[in-house]
Amino acid sequence: MEFAPLPLIRSALLSQFPHVRMAQSTRQGEAPDAPFDFNLGYNLGDEDSRVTGNIARFAGAVDLEPEDLAFMHQVHGETIREVSEPGAYEDTDALITQQPGVGLTVRTADCVPVMLYAPAANVIAAVHAGWRGTAEHITRKTVERLQADFGAEADSIFAFIGAAAGLCCYEIGDEVAALFPERWLERAEGKPARLDLPGVNRHQLEEAGIPEANIEVCGLCSIHEQHLLHSYRRDGAQSGRMLATIVLREEE
Ligand SMILES: [Zn+2]
């Protein structure tokens, strides 16, 4: 069987570097009868065999086998793990590795995937930042780990902020709004506040010292882009999941 190329989101910024690959899946790429379109999340009601096949196709698109991927059991916490092997990591919301060929993954359907690469220090990281993790500064803390544990200099770290719920659509309750400075909120009369979750994460990268020019923001809103992206906020129990991955390439 042959498939058309998988529609993927890539980073133009990170694509400049020969020793790293990065991609984020979309909901496109599955057979028309698939209940969740191109879905990379188990336990949602999709057949496991179909999800496994989709993950294999996604891995193949970045020249990996599914066994090469490192998955997080994401809990909206602030645990950052430094790993050297693929596999599944419990209670984790950020992964760091220097090991070539290990594809760090983040699974999302509105939350922000942040992918980091420090070429001089030869280290990558993948961060899952929903509102809770963002309020705990997980993105900034991950950059600080790259600096403290791997000697990465802030001005030689590069970052891609993937597709996620955007300021245009991401409504939040008052108790969540209270966790964020007003500059990241938009308020319209009689409606819930909206939060710029990708913007807060961009700001955390800048707070850690990463220059603006080293940061690329995808800018696509998962809630908005209903034909392209999965969104839990929009589709609830009918929503599939996307994966973003980053991997250091083996030296040739
Ligand atoms: Zn939107």
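Refer to the structure presented above.
Treat the numbers as computed from the prediction; the structure is a model and nothing was measured.

**Q** Please clarify how the coordination of the zinc ion should be interpreted in this entry.
**A** Six octahedrally arranged donors around a metal ideally form angles of 90 or 180 degrees; four tetrahedrally arranged donors ideally form angles of 109.5 degrees. Distances from the zinc ion to its protein donors, Cys168 (SG), Cys169 (SG), Cys221 (SG) and His224 (ND1), fall within 2.1 to 2.6 Å. Around the zinc ion sit 4 donor atoms; with metal-centred angles ranging over 80 to 130°, the donor geometry is irregular. Spacing between the donor residues of the zinc ion along their common chain follows C-C-x51-C-x2-H.

**Q** What exactly am I supposed to notice about unusual backbone geometry here?
**A** Peptide bonds are mostly trans, and most non-glycine residues show a negative phi. Its identity is not glycine, yet Asp37 carries a phi of approximately 55°, on the positive side. Tracing the sequence through the fold places Asp37 in the loop between strand 2 (20–25) and helix 1 (48–61). You can call Asp37 partly exposed: its relative accessible area is 24%. For Asn122, which is not glycine, the phi dihedral falls at a positive 55°. Following the sequence through the fold, Asn122 ends up in the loop between strand 8 (112–118) and strand 9 (123–129). On the basis of relative accessibility, which here comes to 33%, the residue Asn122 falls in the partly exposed class.

**Q** Honestly, the nonpolar core in this entry has me stumped. Any pointers?
**A** Soluble globular proteins: nonpolar side chains tend toward being buried together. Counting 39 residues, the largest nonpolar core has Leu116, Leu146, Ile157, Ile172, Leu195 and Leu205 as the members making the most contacts within it. Put simply, the parts of the chain that give this core at least two residues each are strand 6 (94–97), strand 8, strand 9, helix 3 (138–150), strand 10 (158–161), helix 4 (174–177), strand 13 (193–195) and helix 5 (197–207). When neighbours within four sequence positions are excluded, Leu116 is seen to be in contact with Val123, Ile124, Ala125, Val127, Thr142, Val143, Leu146, Ile157, Phe158, Ala159, Leu205 and Ile246. Counting residues in hydrophobic clusters, the runner-up holds 26 residues, among them Val102, Leu104, Phe158 and Met242.

**Q** Help me understand the sheet that holds strand 4 (residues 80–82), please; the structure alone is not making it clear to me.
**A** One open sheet holds the 6 strands; their spatial order is 4-6-9-8-10-14, and the pairing between them is mixed. Of all strands in the sheet, those with a lone pairing partner are strand 4 and strand 14 (215–217), marking the two edges. With strand direction ignored, the average angle separating the axes of adjacent strands in the sheet is 15°. The pairing of strand 10 with strand 14 spans 3 bridges and is classified as parallel. Opposite Phe160, over in strand 14, you have Glu216 as the bridge partner. This element, helix 3, spans strand 4, strand 6, strand 8 and strand 9 of the sheet and lies at about 160° to strand 9. Here helix 5 sits on the sheet and contacts strand 8, strand 9, strand 10 and strand 14; the angle it forms with strand 8, its principal contact strand, is near 25°.

Rules behind the numbers
- Residues numbered from 1 in each chain as written.
- Predicted model: local features only at pLDDT ≥ 70, side-chain atom pairs only at ≥ 80, totals over all residues.
- Heavy atoms only, no water.
- Donors = N, O, S within 2.8 Å, 3.2 Å for Na, K, Ca; no water.
- Tetrahedral: all angles 85-135°; square planar, octahedral: opposite > 155°, others 65-115°.
- Helix = DSSP H or I, 4+ residues; strand = E, 2+ residues; numbered from the N terminus.
- Buried < 20%, exposed > 50% of the residue type's maximum accessible area, 1.4 Å probe, protein only.
- Core = buried A, V, L, I, M, F, W, Y, C linked by side-chain atoms within 4.5 Å.
- Contact = heavy atoms within 4.5 Å.
- Pairing = 2+ DSSP bridges.
- Axes fitted to C-alpha atoms, helices over the stretch in contact; angles between N-to-C directions.

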